[in-house]
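# Understanding the architecture of this molecule
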Amino acid sequence: MLKDLVYKCRSYRRFYENIRISEEELKDLVDLARMTASTANSQALKYHLVTRPEECAAVFGTLGWAGALPDWDGPEEGERPSAYIIVLCDNTLGKNKQTDVGITSQTMMLGAVEMGYGGCMLGNVRRTELAKHLSIDSERFTIELVLALGKPKETVKIVDIPENGSVKYYRDQDQVHYVPKRHLEDILV
Ligand SMILES: Cc1cc2nc3c(=O)[nH]c(=O)nc-3n(C[C@H](O)[C@H](O)[C@H](O)COP(=O)(O)O)c2cc1C
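Each residue is numbered by its place in its chain's sequence as written, counting from 1. Residue-level local features of this predicted model are given only where pLDDT is at least 70; pairs of side-chain atoms are given and counted only at 80 or more, and the full residue set underlies all totals for whole chains, interfaces and linings. Computation of side-chain values covers all heavy atoms of the structure but excludes hydrogens and water.

## Side note on the layout of surface pockets
- Each pocket or cavity is described by its volume, and for the largest pocket that value is around 380 Å³.
- Only protein atoms enter the 1 Å grid used here, on which a cavity is any set of points holding a 1.4 Å probe that cannot leave and a pocket is any open set flanked by protein within 12 Å on both sides along at least five of seven lines; residues with an atom within 4 Å of a point are listed as lining. In terms of lining, the largest pocket is formed by 22 residues, of which the most central are R10, S11, R13, C120 and M121.
- Per the convention used, a helix needs a DSSP run of H or I reaching at least four residues, while a strand needs a run of E reaching at least two, with both numbered from the N terminus. Elements with a minimum of two residues in the lining of the largest pocket: α4 (98–114), β3 (118–122) and β7 (177–181).
- Here the lining of the largest pocket gets 4 residues from one element, more than from any other, and that element is β3.
- Classes in brief: Ala, Val, Leu, Ile, Met, Phe, Trp, Tyr, Cys and Pro nonpolar; Asp, Glu, Lys and Arg charged; the others, Gly included, polar. Here the lining of the largest pocket is built from residues that sort into 11 nonpolar, 8 polar and 3 charged.
- Grid points are joined across faces, edges and corners, and a volume is the space filled by probe spheres set on the points. Empty space within the second largest pocket amounts to approximately 240 Å³.

Here it is as structure tokens:
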């Protein structure tokens, strides 16, 4: 059911790194993105796929993880993502496609969850460095978002927003990750 998939589609940041995701599987995800709605049907977004361990390590080094957890530097070796999809805007086809980025990215994340994987969208990216590592032509392409993917190793639980209204996610001593979400009645205007 779509509802189960959406509820399960959390941001996961620790993975079984030895469980690799193939390029074919990533292509299947991009094929889902290809079928989504697009502003003026411009389809300006393109995708760079990363599966090789050396390339994964290079991408990992450019990412900022979990800003709300200042004492955590991101996943340790052995718990890092085993693949990435770099969402690019081809500037020759259109610019500022942020809405399209959200639509395609969430669709691919849902596809990944259906395949038994999971991941995290990352906007905190050192883009110039990443473009250099991946030999992406920065004149033509803007790096919009990075989708980090793998077989999740962590438990993520949805909780109510506390009395003080904080939306900050947090972890307990067992590394269970808690994400406060607003109630349905609180987002109906
Ligand atoms: C556009 C976008 C950018 C994000 N960037 C980052 C990021 O740079 N680093 C990170 O650890 N999480 C990032 N996240 C994940 C959010 O922190 C996460 O979605 C939020 O905490 C809610 O958790 P949930 O996805 O499990 O509902 C990003 C999410 C979105 C939608």
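## Some points on the sheet that holds strand β6 (residues 170–171)
- Between any two strands, pairing holds if DSSP finds at least two bridges. The 3 strands lie next to each other as β5-β7-β6, forming an open sheet whose pairing is mixed. Strand pairing shows two members of the sheet lacking a second neighbour, β5 (156–160) and β6, which therefore form its edges.
- Relative to β7, β6 runs antiparallel, the two sharing 2 bridges. By the bridge assignment for β7, R171 is matched with H177.

## Focus: the site of the ligand
- Summary of the distance rule: residues count as near a molecule or strand when at least one heavy atom falls within 4 Å of that molecule or strand. Residues in close proximity to the ligand total 15 residues, the closest being R10, S11, R13, A66 and K181.
- Two N or O atoms form a polar contact when they lie within 3.5 Å of each other; inside protein one atom must be a possible hydrogen donor and the other a possible acceptor, and for residues adjacent in sequence the pair counts only when both atoms belong to side chains. One of the backbone nitrogen or oxygen atoms of M121 is found 3.1 Å away from a nitrogen atom of the ligand.
- At a separation of 2.9 Å, an oxygen atom of the ligand approaches a polar backbone atom of N124.
- Considering the ligand on its own, with 620 Å² of exposed area, one finds that the protein chains cover 69% of that surface.
- Each molecule is checked against the cavity or pocket grid, and it sits inside if more than half of its atoms lie within 2 Å of the grid points. Here the ligand is seated within the largest pocket.
- Ranked by the residues each element gives to the shell around the ligand, the list is headed by β3, at 3 residues.
- Looking at the shell around the ligand residue by residue, the classes come out as 8 nonpolar, 4 polar and 3 charged. Each accessible area is a Shrake-Rupley estimate made with a 1.4 Å probe; only the visible protein chains count as cover when residues are assessed.

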